[in-house]
Structures are given as C-alpha cells and as structure tokens.
Amino acid sequence: MSNNSNNAATPNHTNCDCPPGHCQQKSVALTSLREGQTAVVCAAMTSMPTDDAAYVRALGLRPSAHVRVCRAGQPCIVEVLSGASDDSACCQDDASLAGSCSCRIGLSRELAQHVMVELPR
Amino acid sequence: MTTATHEPEHPPAAPQIPTRVALVGNPNTGKTTLFNALCGLRHKTGNFPGTTQEARVGRLRHTSQSIDLIDLPGIYSLELDLSESEIARRVLAGSLAAPGMIQAAPDTVCVVVDATNLERNLVLVGEVLRRRLPTIIALNMIDLARKRGVAVDPAQLAQELGCPVVAVSGRTGEGLDDLCKQKSHVPLNNRTPPNTQEGVEAWASQTFVAAMARTRAHAGKRDTTQAAKASQRTDRIDRVLTHPVLGLAFFAAVMFGLFYSIFSLAAIPMGLIETIFGSLTTWLQAKLPPGILTDFITSGVIAGVGSTLVFLPQIMLLFFLISLLEDTGYFARAAFLVDRFMRPFGLSGYAFVPLLSSHACALPGIMATRAIPDTKERLAAILVAPFMSCSARIPVYVLLTTLLFPGKPAMQALAFIGCYALGAAAGMFSALIARRTILKGKARAMALELPTYKMPSIKTALMTTWDRGLMFTKKAGTMILAICIVLWWLSSYPKLPTPAKAQQYHEVADQLDAGTITAFDARNQTFGPLHGELKGRGEQPSHLSMLLRREADAIYGREVTSNSFLGRIGKTIQPVFAPLGYDWQLSIGVLASFAAREVFASTMAVITTGSDDAESETAMQRIATATRADGVTPIFTPAVSWSLLVYFVLAMQCLPTLAVTAKESGGGSAGLKWAALQLIWMCGIAYVAALIVYQVLS
C-alpha cells in the first residue's frame, strides 16, 4: 500500500476483538485516524450495540473493508473502497480507488470510536 | 448497451410470462429514477395493506406484455430489523402484496445495483438469490461508472451470479428496452449464495473480485485519476457543508432561497388560477338564473374549491424544490449538521428525514420514523412530527402572511420561514420535555450513507411534483369540496327576509335609477356605515345606485350568515376563542380546520361571501376585507392574524395524523393514549401561545 500519511498516525493502539490471527497488527479506533488516512476494518464490532453494528455492517463497514477517512471529527466521514479487500484483484493502491468504486458513510463520533481498524502494513 | 444472460447449468422451469416484477435495491442506487423511466406516469401510489409504508405499482411502457412493477422501499439488507426490510421480506415471501395485486411471491425480482458501488450492492443480490426466485440484475448508473473509470462487464458478472445482468442508466434511458425484454423470460438462477450473513458478505466480495478480475483482464487497467480528483472535490464540499458554522450558514441560505422561490415564482400561476375562478363565477352568475342553484355553484363549490386550489402552485413548487435538493445528495449531509442541534433535545439526526418529510405531510413523516432505531426516540419523533409545518398549513400561512405583508414578498418569505422555525422549535421543546419525562433516554448515535453529489433529475422531481399535486387536487375535489358544500348549506340556511336597512337601500337605489330623486337626496336618506363613504362621492346617480345595492347585499349577507346554522354554531363556540381575538366567523374557520387545515381558507371564503362585492374581487381580497358582524371592524386585524398564524403553526388539526400516530405508536389503547396526548399537548400549547401573541399585540 502506498500511503505516506499513515506514517504520521499516532493512534492509541488497543487490541480489537477479531478472531485470533485475523489482525496482523494492533487495531485503533476509527476516530484516531486523520483525514486522508486509509485503514482496514477489523472483525465484529462487539463493543457497539448489536443493532447499530448490524446497520453499520449493512452500510458497508464490514470486516476487511478498506476505508479512507474523508473528514475526521464530528461527523466522521469515510469512503469504503470496494474490492480493496483482495490484494490480487483490482486494488493495489487504495488511493487509486478513491471515488471510483466506493461509497461514502457518515458516522457520529460516538459510533466511529467503536469501529476498530488496522493500519496498512 | 450491454446485456448478458448466463447459460443455466440446468434447464429452467417451463417458460412463464411474469406479470409481477418486484424492484429491490439499496437506497441511492437510482431505483426511483429507473422506476419513473420505465413506468412514466402510469403508476399508482398507495400503502401496502396493513402497513403505512408507501407502495408504488407501475405498468411497463416498453413492452407489449402486461408487466406490473412493484417499487419496494430502498433497503441495505433484507435481514435488518427495520420496517422497510420487513416489507421487502414479506413481499418476496408472498405474504404481503401491493394494493390491487394478488398475494403471492413476485414472478421476478429485479435487483437494482449501483455499478459504482458494486461490492456492497452484491450483498443484497446474494440475499435475494438465496430465496430462489427468478432474478434479474439491473446494473444501474453504468454511465457514471464508465465516467469514473469503473469497467464492469455484465457478461462476466452474469457468469458469476448465475442470473441475467443488464447494464442500464435510468438517467439516460440506456438499456431500458433490453431490461424489459429480459424481464419477460427470466430463468431461475443457478447459483445459491450461503445462508449465513457472514457467508453472503464473503460471497459478495469473492463474486465482485472475480467479476472485476475478469473484466480487468479484458479491459486492461482502468484510469481512476478523474475519479480520485472527484473524490477529493467531494471531501472539500463535505467539509464545508458539515462545518458547524459554514454548513449552518449554507443550510439557512438554502432554506431561505427555497421559501423565497415559493412565494415569488408561484405568484403568477396563483394569479392565473384566481382570475380563472373569478371569471368562471362572473360568467356563471351572468348565465344562470338567480337562485339557490347559482348560489350553490358560485358560493359553495367554486368559492370553496377555488380558494384551496389557488395554493396548488406553491405546494407543487415546494415538492419540486425539495425533490431537487434531495436528489443532489445534500440532505444526508444536512442530517449530520442538524444532529448536533437535535441531540440536546433527545433526538438524533435519524429524525431529520422524518421531520423534514413532515414538512410535506405529517403522515409520511410519522411513517418514516420507523427508520429511527431507538423505540423511545421514535415515539418522541412521532409525537413532535406534526409540529413541523406541513403542506396543508401552506394555504393558511400564505393567506395570513399575505394579509400581514401585502405586496412584500421578502417579508412574506421571512414570516413564512418564521412559521417553520416556530413549528420546529416547538417540536424540539416538546421532544425535550418528553425525553426528560415519559420517554427518558439519550439520542442514538448516527450512521448514514452520504450519496454522491450529482445534478438533480428534473424528470424525477417533476414526477414527484405531479404525484403530490394530484393528491392535493384529489383532496380538494373530494373531502374539501364536501366540507365546502356542508359549510355553504350551514351558512346559507335558514333563509331570512331582507333586513329593513337593506330594503331601504334597495328602494333608494330604485328611485335613483328611475330619476325620481337626486344623488343629494339619496345621500341624505341613507345612514349607517355607508353614509361616510357616500359623502363627497357618487355624484353620478348610476354609481351611487350601484354602491347602495352592493351595501344592501352585504347587509343581507351578514344577516343571513349571522343567523344561519353555522353562525349559531360559531357563536356557541366563540367564547372559547374570544380571548384569542377570534369572532364567531373565525371560530368557525378554526373549528372546520380540525377536519383538514387546508379547509380554513375555503371556509373563510364561503363564510365571507356576501359580506362584500364577490363579483369583482378575488377570494383573497374578499377574505382580507371581510368584516365582523358590525360591518366595520375587520376580522383580520394584525393582532388577530398573528395570533391565528401562531395557532395554526402549533395546533394539532389533522384527524388522519392522529390515526397514524395511534397506529404507529403501538396501536390499541396504548396508541390511542399517545394520540390523545399529542392532541391535548399541541392544542394546549397552540392556545396558550396564540393567547399571549394576541394579548401582547392588541
């Protein structure tokens, strides 16, 4: 992945609730990311109320989804980049996907802080 | 145009001509645009039986076969615990049918997917496919996908999905003919996605990747530079529109522009409608013999319906502009903008769309509260939704703001916005009270899809406008007409002998016409309110005679109305409204508005007929110059007009809304209690606020 802005991230790393071996790195809350940063959504968001988690998931923020932060803060706006979950397919570079094959989701800070993401390797 | 049909691994079932096609899709996939492009105006709007969810059924125009298209609500998943998802599940299962259709599973399901957001849309496709119904995929917005450098090959996708895929564009009309042809012979799909939700999601991702990989192998690497630039542009716009200060300023400007346009642009058609109805009245009065029938047609039917229909241009313009704004993708951003302001009152941005819809009509607004996930928050939104100024209030607002600021459209627009702001403020205040007392709780955190910014579809906006305009006209032609006829009868009977003063004026006018007295003698013989008016005027006997006859008719009209059944009812209830400054005529208008608010203008038009020169003045002028029983004091003084405006902003005067509140808040006795609470609370606040306004201003 080519994303220089990720080097500037200074999130508070926490362990997410992904199945063992799913995440290669420690995860951070979506609210920790800066505008322009990309990340991968971790598995089940168990710290979020069940109904909210199901809805957020249906919107496209499901495990392995690649996201780009378009606006940090309240609301937190992210772009979910389609196809980015498969390295061999169409997306070698998340940035190149921006806007082409994606959807944009707005989240209140309260929800965004429950969405755990993993920064790209 | 690109069409792809897979080759089934097993022979399909015996060919069957589909008659019912269910249209399913994620929100913002252009489903409505596609439906409108396919069906045009040949559709009916109603509710799914036993529900309050709107159902649209249209007939395809691109085929000789009879195919009915059922437009299901936009959903992200069939499995969510939301009303839209439940409706779609039940329709696909055959346990719920759209109005006028047989209760059975649809012959074909057409899933509308957004070609620019394929991966997420494929989850819904998978949920439909695993139901084993003949399915066809409409790969919509294909033009936009190409523009963004997304090359989706329908043939490859059809191969992966095991069902036909047709690339279409509801906006440009591309591929619609092929979609219609495909719909007539859709085989059963030969792929069945997994049964678990996680399984379907994984299947969607794999299908997407496989289809895109094959497409890429054929088409080569795509150029996404333009799309990336567009995305950055959207980022910048989003930052401004959701900015706490800039975003709010933009929101205020949009709302002002919206309402100013309604006043300034609608003035011409409104004037035209008034002229047409005025000319029709004059023509009928000249052609028909004087009597009850003529009186009934001109004063009952035309005055009543005409004074309601005159507001049609403004209502249609409001729906047109709201539809345009909605189509741009702005409203989702506005929901986040208002979330921060609604949160302290115990409501979240989820309530924005229901409350905004309530500005058109509280019924769909209350229905839309089903999208609010939290039960208590939803109940609070139901209770306060009718505070939002609906289109039924527009005629009253227009009437009263025009009376308050004649010939000043900017001031009228400001007053109009003030009405909307007052309604919204009262709604928020009420929500706060409810959320701190009977519905204790915190506002739910928000998550919303933010649609791509795009140029709005004029065609879709026109369709919506036509739909709503037709509904309003039907209402004016049925319920409002019926109320007007009843009111006319109540205000015209019992018939009375001509009062002595009116008789005297007629006699003097006869003498003037005959030339047996001079204008000077005539002025000396007439007294009362007309005396001052006649002084120094009417040197021409014919002119004086005309003035005398007009005043005689006015005296007679006031006498008849005052002693009519309606007058007696008005005088009985008038003490209740007396502290608010309303006379018995206004009390009747307010009382009749409990059946439907729009009736107010027509009620006042019917009541005030005869109190002035109905032949030469429009309904609006007649109402504006209407006087109380003394014939001198105007009914609509500034204090009364303001008080009335505040009353109409805040009062609950809509029986259908109460019925829907009862149903949506749980039904049965519990629902009735919520509806009763809504009625008492809103009318109580309205009365107190109107009382304060009148007492302060008078």
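Everything below is about the structure printed above this text.
Cut-off values and rules
- Residues numbered from 1 in each chain as written.
- Chains lettered and ligands numbered in written order.
- Predicted model: local features only at pLDDT ≥ 70, side-chain atom pairs only at ≥ 80, totals over all residues.
- Heavy atoms only, no water.
- Salt bridge = Lys/Arg side-chain N within 4 Å of Asp/Glu carboxyl O.
- Helix = DSSP H or I, 4+ residues; strand = E, 2+ residues; numbered from the N terminus.
- Buried < 20%, exposed > 50% of the residue type's maximum accessible area, 1.4 Å probe, protein only.
- Pairing = 2+ DSSP bridges.
- Contact = heavy atoms within 4.5 Å.
- Axes fitted to C-alpha atoms, helices over the stretch in contact; angles between N-to-C directions.
- Core = buried A, V, L, I, M, F, W, Y, C linked by side-chain atoms within 4.5 Å.
- Expected span 1.5 Å × (residues − 1).
- Bend = angle between axes of the 7 residues up to and from the residue.
- Phe/Tyr/Trp six-rings, centres within 6.5 Å; stacked < 30°, edge-to-face > 60°.
- Polar contact = N/O pair within 3.5 Å; in protein donor to acceptor, adjacent residues only side chain to side chain.
- Nonpolar A, V, L, I, M, F, W, Y, C, P; charged D, E, K, R; others polar.

Engineer: Describe the pattern of salt bridges, and please don't skip the residues or the numbers.
Structural biologist: If you walk through the whole model with that rule in mind, you get 24 salt bridges over all chains. Measuring nitrogen to oxygen at the nearest pair gives 2.9 Å for the salt bridge that ties A:Glu79 to A:Arg68. Of the two residues, A:Glu79 sits in strand 4 (residues 76–81) while A:Arg68 sits in strand 3 (residues 66–71), which places them 11 residues apart along the sequence. Here A:Glu79 matches A:Arg68 in class, with each residue buried. Of the charged contacts in the structure, one is a salt bridge between B:Asp107 and B:Arg20, with a shortest N-O distance of 3.5 Å. Of this pair, B:Asp107 sits in the loop between helix 2 (83–93) and strand 6 (108–114) while B:Arg20 sits in strand 2 (residues 20–25), and the two are 87 residues apart along the sequence. Each member of the pair B:Asp107 and B:Arg20 is classed as buried.

Engineer: Residues and numbers for the sheet that holds strand 3 of chain A, please.
Structural biologist: The 7 strands lie next to each other as 1(A)-6(A)-2(A)-3(A)-4(A)-5(A)-9(B), forming an open sheet whose pairing is antiparallel. Of all the strands in the sheet, the pair left with one neighbour each is strand 1 (28–29) of chain A together with strand 9 (447–449) of chain B. Taken together, the 3 bridges between strand 2 (residues 38–41) of chain A and strand 3 of chain A define a ladder with antiparallel strand orientation. Looking at the pairing, A:Val40 lines up with A:His66 of strand 3 of chain A. Here helix 1 (residues 50–59) of chain A sits on the sheet in contact with strand 5 (102–107) of chain A together with strand 9 of chain B, set at roughly 20° to strand 9 of chain B. Packing of helix 12 (residues 330–342) of chain B onto the sheet brings it into contact with strand 5 of chain A together with strand 9 of chain B, and relative to strand 9 of chain B it is tilted by some 165°.

Engineer: Go over the nonpolar core with me, naming the residues and quoting the values.
Structural biologist: The biggest cluster of nonpolar side chains holds 146 residues, and the ones touching the most others in it are A:Leu30, A:Leu107, B:Leu347, B:Tyr582 and B:Phe636. With 46 residues, the next largest nonpolar core counts B:Ile70, B:Leu118, B:Val152 and B:Ala158 among its residues.

Engineer: Tell me about helix 10 (residues 292–309) of chain B, and name the residues and values.
Structural biologist: Residues and elements named next belong to chain B. With 18 residues, helix 10 should cover 26 Å at 1.5 Å per step; its first-to-last C-alpha distance of 24 Å lies within 8% of that length. When the local axis directions of helix 10 are compared, the greatest deviation, roughly 35°, occurs at Ile302. Buried residues of helix 10: Thr294, Thr298, Ser299, Gly300, Ile302, Ala303, Gly304, Val305, Gly306, Ser307, Thr308 and Leu309, and no others.

Engineer: Residue-level account of unusual backbone geometry, with values.
Structural biologist: Here the residue pair A:Gln74 and A:Pro75 is connected by a cis peptide bond, since its omega of -5° sits within 30 degrees of zero. Residue placement: A:Pro75 occurs in the loop between strand 3 and strand 4. Even without being glycine, A:Ser64 reaches a positive phi, approximately 80°. If you trace the backbone, A:Ser64 turns up in the loop between helix 1 and strand 3. The backbone phi angle of B:Met141 is positive, close to 60°, even though this residue is not glycine. With respect to the element layout, B:Met141 can be found in the loop between strand 7 (135–140) and helix 4 (142–147).

Engineer: Before we move on, can you summarise the packing of aromatic side chains with the specific residues and values?
Structural biologist: Residue and element names in this part refer to chain B. As enumerated under the stated definition, the model contains 15 aromatic pairs over all chains in all. Plain terms: the ring middles of Tyr397 and Tyr420 are 6.1 Å apart, the flat faces sit at 75° to each other, and that makes the pair edge-to-face. One end of the pair, Tyr397, is in helix 16 (residues 394–404); the other, Tyr420, is in helix 17 (residues 409–436), with 23 residues separating them in the sequence. Accessibility classification places Tyr397 together with Tyr420 in one group, the buried group. The structure contains a cluster of three or more aromatic residues connected by ring pairs, namely Phe577, Tyr582, Phe600, Tyr647 and Phe648.

Engineer: Please give an account of the pairing of strand 6 of chain B that cites residues and values.
Structural biologist: Residue and element names in this part refer to chain B. Of all 7 residues in strand 6, 7 are buried, a share of seventy percent or more. Here strand 6 shows no split at all, with Thr108, Cys110, Val112 and Asp114 on one side and Val109, Val111 and Val113 on the other all buried. As judged from the 5 bridges shared by strand 2 and strand 6, these two strands associate in the parallel manner. Each bridged residue has a counterpart across the sheet, and for Ala22 the counterpart in strand 6 is Val109.

Engineer: Explain the interface of chain B and chain A residue by residue, including any values.
Structural biologist: Every contact between the two is made by 43 residues of chain B and, on the other side, 40 residues of chain A. The interface formed by chain B and chain A includes 9 salt bridges. For the salt bridge of B:Asp238 with A:Arg104, the shortest nitrogen-to-oxygen distance reads 3.1 Å. At the junction of chain B and chain A, the tally comes to 16 residue pairs in polar contact (both at pLDDT 80 or more). Taken together, the elements giving at least two residues each to the side of chain B that touches chain A come down to helix 3 (118–129), helix 7 (197–219), helix 8 (225–241), helix 12 and strand 9 of chain B. Of the residues forming the side of chain B that touches chain A, the biggest block, 7 residues, is contributed by helix 8 of chain B. Here the residues of the side of chain B that touches chain A sort into 17 nonpolar, 9 polar and 17 charged. Across 3 bridges, the pairing between strand 5 of chain A and strand 9 of chain B is antiparallel.

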